[in-house]
Amino acid sequence: MSKGPITCHILDVSTGRPAAGVDVNIQVYHKGQRGIDIFSPFATGVTDADGRCMDMLPPRGSNEARLQQKEVGAGLYKIVFKPKEYFEKTGRKCFYPWVEITFEVENTEEHYHIPLLISPYSFTTYRGS
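Every residue gets a number counted from 1 within its own chain, in the order that chain's sequence is written. Per-residue local features of the predicted model are confined to residues with pLDDT of at least 70, and side-chain atom pairs are confined, for both listing and counting, to 80 or more; whole-chain, interface and lining totals are unaffected and use all residues. Note: side-chain values were computed over all heavy atoms of the structure, leaving out hydrogens and water.

(A) The arrangement of the sheet that holds strand β4 (residues 37–46) in detail. Strand pairing follows a simple DSSP-based rule, namely that at least 2 bridges must link the two strands. Numbering of helices and strands runs from the N terminus, with a helix taken as a DSSP run of H or I at least four residues long and a strand as a DSSP run of E at least two residues long. As summarised here, the arrangement of the four strands in space is β4-β3-β6-β7, forming an open sheet in which the pairing is antiparallel. Each edge of the open sheet carries a strand with a single partner, namely β4 and β7 (99–105). The average undirected angle you get between the axes of adjacent strands in this sheet is 25°. As paired elements, strand β6 (residues 75–82) and β7 share seven bridges and run antiparallel to each other. Simply put, an axis is a line fit to the C-alpha atoms, just over the touching stretch for a helix, and the angle between two N-to-C directions goes from 0 to 180 degrees.

(B) View of the nonpolar core. Grouped together as the largest cluster of nonpolar side chains are 27 residues, with contacts concentrated most on Ile 6, Ile 26, Met 56, Tyr 77, Ile 79, Phe 81 and Phe 103. Contributions of two or more residues to this core are made by β1 (6–12), β3 (23–31), β4, β6, α2 (84–89), β7 and β8 (112–119). Residues belong to one nonpolar core when they are buried, are Ala, Val, Leu, Ile, Met, Phe, Trp, Tyr or Cys, and are joined through side-chain atoms within 4.5 Å. For every residue, the accessible area obtained with a 1.4 Å probe (protein chains only) is divided by the maximum for its type, and the residue is called buried under 20%, exposed over 50%, and partly exposed between those limits.

(C) Here's a closer look at the pairing of β8. When you tally the buried positions in β8, you get seven out of eight residues, the bulk of the element. Judged from the seven bridges that link them, β1 and β8 form a sheet pairing that is parallel. Looking at β8, one finds that His 9 is bridged to Pro 115. Across four bridges, the pairing between β8 and strand β9 (residues 122–125) is antiparallel. Pairing of Ser 119 across the sheet is with Ser 122, part of β9. Between β8 and β9, which pair antiparallel in sequence order, lie two residues.

(D) Representation of the side chain of His 9. Counting through the fold element by element, His 9 comes out in strand β1. Looking at His 9, the relative accessible area reads 19%, which means it is buried. Excluding anything up to four places from it in sequence, His 9 contacts Asp 50, Gly 51, Arg 52, His 113, Ile 114, Pro 115 and Leu 116. Contacts: residue pairs with any heavy atoms within 4.5 Å of one another.

(E) Spotlight on the packing of aromatic side chains. Working definition: a ring pair exists when centres of Phe, Tyr or Trp rings (six-membered ring for Trp) sit within 6.5 Å. Plane angles under 30 degrees give stacked, over 60 give edge-to-face, the rest tilted. Overall, the coordinates contain six aromatic pairs when judged by the stated rule. Pairing Phe 95 with Tyr 96 gives two aromatic rings, centres 5.0 Å apart and planes at 85°, and the pair type is edge-to-face. Taking relative accessible area as the criterion, Phe 95 reaches 56% and is therefore assigned exposed. Geometry around Phe 42 places Lys 70 over its ring, the cationic atom sitting 5.1 Å from the centre. Geometrically, a charge over a ring is one whose NZ (Lys) or CZ (Arg) sits within 6 Å of the ring centre while staying within 35 degrees of the ring normal. When the ring centre of Phe 39 is taken as reference, the NZ or CZ atom of Lys 78 above it lies at 4.4 Å.

(F) Examining the pattern of salt bridges more closely. By definition, a salt bridge exists where a carboxyl oxygen of Asp or Glu is found within 4 Å of a side-chain nitrogen of Lys or Arg. Per the counting criterion, the structure on display carries six salt bridges. One salt bridge connects Lys 31 with Asp 37, and the closest N-O pair in it is separated by 3.7 Å. For Lys 31, a relative accessible area of 60% translates into the label exposed. For Asp 37, a relative accessible area of 48% gives the class partly exposed.

By themselves, these are just geometric observations and shouldn't be taken as functional.
This is how it looks when you write it as structure tokens:
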């Protein structure tokens, strides 16, 4: 199966290991009335044993993407990671129960990979490949 147009990977830098079993969701931005910005649910997934979530969305241009209305268009998206349960399962507390990263899709033909490097009290991200 081909990977979706938006994917992610989580590495627990405090252990040097992938963060498996983390809930992830993608939201899409809509301009609301009276200047209220709205992000609506678009896709969900859970990181695998390698800390990756490669199939939250069907492959670009596929019948599945069209039927599910999951084609990624240009615009703003938010990816939300929920690492609290992951840290609790390993007997650790965390300061960031959710990590929300807003990003912009400009070229719909490109692949967007969002890696998250996390520890119980810090996180960082970058645009992956």
